[in-house]
Amino acid sequence: ELKEVVEFLKSPEKFNTLGARIPHGVLLVGPPGTGKTLLARACAGEAGVPFYSISGSDFVEMYVGVGASRVRDLFDKAKKTMPCIIFIDEIDSMGGKRHSKQSNYDRQTLNTLLSEMDGFDGSNGVVVIAATNRLEDLDSALTRPGRFDSHFAVSLPATAKERKLIINLYAENKKFAEDVDMEAFAKETIGNSPASIKTTLNEAAIIAARRNNGIINREILDEAWMKQLMEGHLKKNADKDNIELVAWHEAGHALAGLLM
């Protein structure tokens, strides 16, 4: 589906003569770190068009009317350089559901975005791509057909084969010892995002540079992986009683999980 967006940006006249209209907005939905921003950049790179990137929080300002004016300025700039891509990251921070307790200025920012997205007909080559991990929080007027009418799920890599491709990408410029088995590492990293895999390999490279002439062996990779998994460093000076206490505590979690 995204390749079709790229094809449209390359040659919009081909679609227009056939009466086809490319979606006004493309919404990339998925957990943090799955590569939504990279996908949007890749679309612009493949099509060879300008890429305007902004975060939804950039529109939410303490000054009255600034958010709405930024939306107008962004679309005016895009229309002068079309075909192009406007990318709005974390759109839920400015496109959340409207309610009575919300300030007029927040609603004004969203209303301006809605009217701007209605203001072009799709044939002029401006495609809005937005990313969120909170689809349920978005205002229904934003996700209706005619605005963000194409929703693409950008999920976590589901298989070891997919994770292996990501590992290969981020391992290209690093040195590994013979005892490192990338197939096994791909199986161990189940449930991890590409961003966390990238962080793990980078951490391993840092440890290797400090300790092993830049060569990542299995021990170093395991240490970096556990640091990412446990969100902190290994406690090397913990006393035996404390370790036993933590072991009982974690066994309690496991038992409760098994029984319930």
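A brief report on the enclosed structure follows. Predicted, not measured: the structure shown is a model, and the values here were computed from it.

## Regarding the overall build of the protein
Part 1 of the argument: For the protein, the helix and strand inventory stands at eleven helices and seven strands.
Part 2 of the argument: Sorting the 260 residues of the protein into buried and exposed places 39% on the buried side.
Part 3 of the argument: Here the contacts in the protein between residues at least 6 apart in sequence split such that 76% fall between residues at least 24 apart.
Part 4 of the argument: Summing over all exposed atoms, the protein offers an accessible surface of approximately 15,100 Å²; the carbon and sulfur share of this is 54%.

## Regarding helix α7 (residues 160–171)
Part 1 of the argument: Along its twelve residues, α7 runs 16 Å from first to last C-alpha, staying within 8% of the 16 Å computed at 1.5 Å per residue.
Part 2 of the argument: Looking at α7, one finds that the buried residues are R163, K164, I166, I167, Y170 and A171. The buried residues of α7 occupy an angular sector of 165 degrees when projected down its axis, which confines them to one face. In this structure, α7 carries K161 and L165 as exposed residues pointing more than 90 degrees from its buried face.

## A short note on the pattern of salt bridges
Side-chain pairs of opposite charge can arise where the charged atoms are in close proximity.
Part 1 of the argument: Going through the model one piece at a time under the given rule, you end up with seven salt bridges.
Part 2 of the argument: Between K14 and E7 there is a salt bridge, with the nearest N and O atoms lying 3.5 Å from each other.
Part 3 of the argument: Note on K14: relative accessible area 42%, which makes it partly exposed.
Part 4 of the argument: Across the pair E183 and K164 runs a salt bridge whose closest N-O atoms are separated by 4.0 Å.

## Looking at the packing of α7 against helix α9 (residues 194–211)
Part 1 of the argument: α9 packs onto α7 with a crossing angle of 40 degrees between their chain directions and a minimal axis gap of 10 Å. Relative to α9, the element α7 is oriented oblique. The handedness of the crossing between α7 and α9 is right-handed. On α9, the residues touching R163, I166, I167, Y170 and A171 of α7 are P194, I197, K198 and L201.
Part 2 of the argument: Residues of the contact of α7 with α9, tallied by class, amount to seven nonpolar, no polar and two charged.

## Quick word on the packing of aromatic side chains
Two descriptors summarise a pair of aromatic rings, namely the distance from one centre to the other and the angle between the planes of the rings.
Part 1 of the argument: In total, this model carries two aromatic pairs according to the counting rule given.
Part 2 of the argument: Judged by centre distance (5.9 Å) and plane angle (20 degrees), the rings of F51 and F87 are stacked. Here the residue F51 occupies a position in strand β2 (residues 51–55), and F87 occupies one in strand β3 (residues 84–89), the gap between them amounting to 36 residues.
Part 3 of the argument: Accessibility expressed as a relative area gives 0% for F87, which makes it buried.
Part 4 of the argument: With centroids separated by 6.2 Å and ring planes inclined at 85 degrees, the aromatic side chains of F185 and W225 adopt a geometry described as edge-to-face. Of this pair, F185 sits in helix α8 (residues 182–188) while W225 sits in helix α10 (residues 218–230); the two residues are 40 residues apart in sequence, bridging distant segments of the chain.

## A look at the side chain of R163
Part 1 of the argument: By the secondary structure assignment, R163 is in helix α7.
Part 2 of the argument: Despite its burial, R163 pairs with no opposite charge, the nearest such side chain being E162 at 6.7 Å.
Part 3 of the argument: At a separation of 2.7 Å, a polar atom in the side chain of R163 contacts the main-chain carbonyl oxygen of A186.
Part 4 of the argument: Once you skip the residues sitting within four places of it in the chain, R163 turns out to touch P157, A158, A186, K187, T189, I190, G191 and I197.

## Comments concerning the pairing of β2
Part 1 of the argument: Across the two faces of β2 the burial differs, with Y52 and I54 buried and F51, S53 and S55 not buried at all.
Part 2 of the argument: Alignment of β2 against β3, held across five bridges, turns out to be parallel. Bridge pairing in β3 places S53 opposite F87.

## Section: the nonpolar core
Part 1 of the argument: By size, the foremost hydrophobic cluster in this structure holds 24 residues, and its most contacted members are I86, I88, I91, L113, L142 and F148.
Part 2 of the argument: If you list the elements that add at least two residues to this core, you get β1 (25–29), β2, α4 (66–80), β3, α5 (104–118), β4 (126–132) and α6 (140–143).
Part 3 of the argument: Each residue touching F148, except ones within four places of it in the same chain, is listed here: G25, V26, L27, I91, M117, V128, A130, L142 and T143.
Part 4 of the argument: Formed by 21 residues, the second largest nonpolar core is a distinct cluster that contains V5, V6, A44 and I129.

## Quick look at the side chain of T200
Part 1 of the argument: Within the secondary structure, T200 is located in helix α9.
Part 2 of the argument: Contacts of T200, omitting those with residues within four sequence positions, involve F185, A224, W225 and Q228.

Criteria and cut-off values
- Chains are numbered independently. Their residues run from 1 in the order of the written sequence.
- Under the rules for a predicted model, residues below a pLDDT of 70 receive no local features and side-chain atom pairs below 80 are neither given nor counted, while totals for whole chains, interfaces and linings still include all residues.
- Working from all heavy atoms in the structure, the side-chain values ignore hydrogens and water.
- Strands here mean DSSP runs of E at least two residues long; helices mean DSSP runs of H or I at least four residues long; both are numbered from the N terminus.
- Accessible area is worked out with a 1.4 Å probe on protein chains only. A residue is then buried under 20% of its type maximum, exposed over 50%, and partly exposed in between.
- By definition, residues are in contact when any of their heavy atoms lie within 4.5 Å.
- All accessible areas in this document rest on Shrake-Rupley with a 1.4 Å probe, and a residue is counted as covered only by the protein chains that are shown.
- Take the number of residues in a helix, subtract one, and multiply by 1.5 Å to get its expected span.
- Here, the arc refers to the directions that run from the helix axis to the C-beta atoms.
- Salt bridge, as applied in this entry: a Lys or Arg side-chain nitrogen positioned within 4 Å of an Asp or Glu carboxyl oxygen.
- Here the axes come from fitting lines to C-alpha atoms, over the contacting stretch only for helices, and the angles between their N-to-C directions go from 0 to 180 degrees.
- For this classification, under 35 degrees means roughly parallel, over 145 means roughly antiparallel, 65 to 115 means roughly perpendicular, and everything else is oblique.
- Each crossing is labelled by how the near helix is turned from the far one, with a counterclockwise turn of less than a right angle marking it left-handed and a clockwise turn marking it right-handed.
- Nonpolar residues are Ala, Val, Leu, Ile, Met, Phe, Trp, Tyr, Cys and Pro. Charged residues are Asp, Glu, Lys and Arg, and all others, Gly as well, are polar.
- Aromatic rings from Phe, Tyr and Trp, with only the six-membered ring used for Trp, were paired whenever their centres fell within 6.5 Å, and each pair was classed as stacked if the ring planes differed by under 30 degrees, edge-to-face if by over 60, and tilted otherwise.
- Charge convention: Lys and Arg are scored as positive, Asp and Glu as negative, and His as well as the terminal groups of each chain are ignored.
- Counting of polar contacts relies on pairs of N or O atoms within 3.5 Å, with two restrictions inside protein: one atom must be capable of donating a hydrogen and the other of accepting it, and residues adjacent in sequence are counted only when both atoms are side-chain atoms.
- The pairing criterion for strands is at least two bridges between them, as found by DSSP.
- Only buried residues count toward a nonpolar core. Its members are Ala, Val, Leu, Ile, Met, Phe, Trp, Tyr and Cys residues joined through side-chain atoms within 4.5 Å.

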